[in-house]
Amino acid sequence: MNPSIQRRLSLWLSFVILVAGIMAAATSFFVAYHDATLSQDAQLTQVASALSRGSYRDVPPESDAANAQESEDRFVVVPLGLQAEPGLSAAKLALPMEIKDGLQTVRANDAEWRVIVIRDSSGERFGVAQSMDARNEDAKDGALYILVPIAFLIPLLLVAVHFILRALFSPLAALSREMDQVDGATLKDFQFDRVPSELIPFVDAVNRLLKRLALALEQQGRFVAHAAHELRSPVAALMVQAENVQNISISSDARDRVSQLRRGLQRMAALQDQLLSLARMQAIPASAHVLDFDQLVRTTIEDLLAMAAAKTIDLGCTHLESVRILGDPTHATSLIRNSIDNAIRYTPTGGSVDVSITREGRVACFVIQDTGPGIRAADVPMVFEPFVRILGTRETGSGLGLAIVRAAANALGGTVELTTRLDRRSGLRFVYRQAAV
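Residues numbered from 1 in each chain as written. Predicted model: local features only at pLDDT ≥ 70, side-chain atom pairs only at ≥ 80, totals over all residues. Heavy atoms only, no water.

*Asks:* Which parts of the structure should I look at to understand unusual backbone geometry?
*Replies:* Although it is not a glycine, Thr-312 sits at a positive phi angle of roughly 55°. Within the secondary structure, Thr-312 is located in the loop between helix H6 (293–310) and strand E6 (314–320). A relative accessible area of 54% means that Thr-312 is categorised as exposed. (Helix = DSSP H or I, 4+ residues; strand = E, 2+ residues; numbered from the N terminus. Buried < 20%, exposed > 50% of the residue type's maximum accessible area, 1.4 Å probe, protein only.)

Here it is in structure tokens:
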């Protein structure tokens, strides 16, 4: 399976954002934690300096060691040399006399303390201490608050990457949909308006390919039209000669052979007409005339009544609503005639072909339902191709009828659909839809 550039970019960018976010969060946490400890040391130094201006005994702060372990805002001020004796409260912090001056971390009362030792105005040494557990908890809480913006930023960046990539690749999706709509009737150049500059050479190459394809199709159409036109005169002459031979006195065996010859010539003449019709559908430029669609259907049914009567087929309209469309009358007439002709041709003797014209909102719907044998759903796309005939049908034909219908539909700007009947009876349901006036 071919990898998706958009998916790969999304995954790699998401991975990079996650790794960068985790690294940024870890770095921010450690920097904030370190800054918090430095701030706590500065605060401890300021408290000790303020007490050292006089006698620390004159203004004794809270010195309960047990309470100091529960709050980072509490300082314990103690004299040096206080020993832990059986009669001494465990709530009092005991610092040895030999402790050195300055900031340091000591262990006392079964806990770690951050202590600064300093002298007061009388020269007496004392210590100001803070519980390390309380300090660490305070520093950790402050560092965690730093991570809150990063925690919101990482999901926001992941969502932004998804939508940005989707917006950047939307011109490619639009170009793909436009390419899917290209067929023999709409070979036009693709525009570079929203295409990324990296893809302009590719789109330019596709446009050159479309021009070569359009030239080849034009040459093919001209060849088909010229060949069919050139064959009309010889075939017509042969049909006249076959009729002349049949009118003279010949044996019954010779007369049967002449009849077979005439039927073959009639099929050849019908093939020529369809080839010319297909060439006209592909060559006539689209024009916009207001057409009475229902009137065209009514006229075509009247022309084909004789063909239906020859096979004892009930041809009629179940619903004929007044609808107008924009298009070329040649295209519209060819679409109606060939679709009804195809239904009559493949409906067995004694069957029925029902035609209806309705308006569904702003859409004109032309529907044909027959009681023929139908075809498999897998074969439906094939029957719209030129010279394709499904095996198992006994009717003779060239396989051009539905190809002409599709070419006319493309020229008119409508859509064709071929499915089984909705009432589960044997047969097909042909639907043509086009915007109504």
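*Asks:* Explanation requested: the packing of H6 against helix H7 (residues 329–345) in the structure shown.
*Replies:* Helix packing for two helices is described by the angle between their axes and how far apart those axes are. At a minimum axis distance of 10 Å, the contact between H6 and H7 shows a crossing angle of 35°. In this structure, H6 meets H7 at a crossing whose hand is right-handed. Contacts between H6 and H7 involve Phe-293, Leu-296, Val-297, Thr-300, Ile-301, Asp-303, Leu-304, Met-307 and Ala-308 from the former and Ala-332, Thr-333, Ile-336, Arg-337, Ile-340, Asp-341, Ile-344 and Arg-345 from the latter. (Axes fitted to C-alpha atoms, helices over the stretch in contact; angles between N-to-C directions. Left-handed = near helix turned anticlockwise from the far one by under 90°. Contact = heavy atoms within 4.5 Å.)

*Asks:* What is the right way to look at the sheet that holds strand E1 (residues 76–79) in this model?
*Replies:* An order of E1-E4-E3-E2 is seen for the four strands of this open sheet, with the pairing classed as antiparallel. Every other strand in the sheet has two partners, leaving E1 and strand E2 (102–108) as the edge strands with one partner each. Across the sheet, the mean angle from the axis of one strand to that of its neighbour is 35°, orientation sign disregarded. Bridge analysis of strand E3 (residues 111–119) against strand E4 (residues 125–131) gives seven bridges, and the strand direction is antiparallel. If you follow Trp-113 over to E4, its bridge partner there is Ser-131. Helix-sheet contacts for helix H3 (residues 132–180) involve E2, E3 and E4, and the interaxial angle to E4 is about 50°. (Pairing = 2+ DSSP bridges.)

*Asks:* I would appreciate a short explanation of the pattern of salt bridges in the present structure.
*Replies:* Summed over the entire model, instances satisfying the criterion amount to nine salt bridges. Between Glu-137 and Lys-140 there is a salt bridge, and its shortest N-O distance comes to 3.8 Å. Here Lys-140 and Glu-137 lie together in helix H3, a separation of three residues that amounts to about one turn. Residues Arg-337 and Asp-303 are paired through a salt bridge, measuring 3.1 Å at the closest nitrogen-oxygen approach. One end of the pair, Arg-337, is in helix H7; the other, Asp-303, is in helix H6, and 34 residues separate them in sequence. On the accessibility criterion, Arg-337 (32% relative accessible area) is partly exposed. The class of Asp-303 is partly exposed, set by a relative accessible area of 45%. By sharing partners, the salt bridges in this structure join Asp-41, Arg-114 and Arg-135 into a single network. (Salt bridge = Lys/Arg side-chain N within 4 Å of Asp/Glu carboxyl O.)

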